[in-house]
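# Chains, contacts and geometry: an overview
Below, each chain spelled out in residue letters.
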Amino acid sequence: MEAQYISIGRIAKSFGVNGEVVVDSLSDSETRFESLKDVYLLAHGTRTKLSVENVRPFGKRFIVRFRDIADRDRAEKLPGSYIQIEKKDVAPLPDGRHYIFELIGLDVLTEDGVNLGKVQGIIPTGENDVYEVHGPGGEILIPATKEVVKHIDIPGAKIVVKLIPGLLD
């Protein structure tokens, strides 16, 4: 089985003259970058394995130095590239929590079994996420609250929701 990869960061820009880069985290885990050893860099359609030499916080971002990138010239080619790990290496989440990649593509059904479509994206709002669902009735935005989302079944590839007034209007 071919490995699957999850993007955990996106390189925003180079930093300094020693090949360091500024990375925007795509991970909910605040400590995700602290333990990185080997990662994959997806740059210009090519995935390359790299060793992480050093990571340090930089505001809400991180400064990362790769062992294999030692100068600014190489680092300047990396903005827009993604830092990835193998899907099998993601940290386990507490019960009831799910990674975005686990939710994308799931069928969304009402409690009565009506298929509303598939999750195409997740919109973070601060208060709660919103599932962007595309289906036969067009786009529906589903608030990811306990009132609306009744059950998430990853192995069964579905989310069961309770329709509340105004949800389909």
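The following refers to the structure shown. (Residues numbered from 1 in each chain as written. Predicted model: local features only at pLDDT ≥ 70, side-chain atom pairs only at ≥ 80, totals over all residues. Heavy atoms only, no water.)

Here we come to unusual backbone geometry. Trans peptide bonds make up the majority, and among non-glycine residues the majority have a negative phi. Of note in the backbone geometry, His44 takes a positive phi value of approximately 55° without being a glycine. Mapped onto the secondary structure, His44 falls in the loop between strand 3 (38–43) and strand 4 (46–58). Look at His44 and you get exposed, because its relative accessible area is 70%. Phi is positive for Ala157, close to 60°, though the residue is something other than glycine. Within the element layout of this structure, Ala157 appears in the loop between strand 11 (149–153) and strand 12 (158–161). (Helix = DSSP H or I, 4+ residues; strand = E, 2+ residues; numbered from the N terminus. Buried < 20%, exposed > 50% of the residue type's maximum accessible area, 1.4 Å probe, protein only.)

A separate point is the environment of Gly138. Positionally, Gly138 belongs in strand 10 (residues 138–143). In this structure Gly138 comes out as partly exposed when scored by relative accessible area, which is 28%. Counting along the chain gives 22 residues from Gly138 to Leu116, while the straight-line C-alpha distance between them is 8.8 Å.

Before going further, it helps to examine the sheet that holds strand 3. Either a parallel or an antiparallel arrangement is found when strands of a sheet pair, and the pairing is made through backbone hydrogen bonds. The 6 strands lie next to each other as 1-2-5-4-3-6, forming a closed barrel whose pairing is antiparallel. Averaged over neighbouring strand pairs, the angle between their axes works out to 50° when direction is ignored. Bridging between strand 1 (residues 5–15) and strand 2 (residues 20–25) involves 6 bridges; their strand directions are antiparallel. When the bridges of strand 2 are listed, Ile11 appears paired with Val23. (Pairing = 2+ DSSP bridges. Axes fitted to C-alpha atoms, helices over the stretch in contact; angles between N-to-C directions.)

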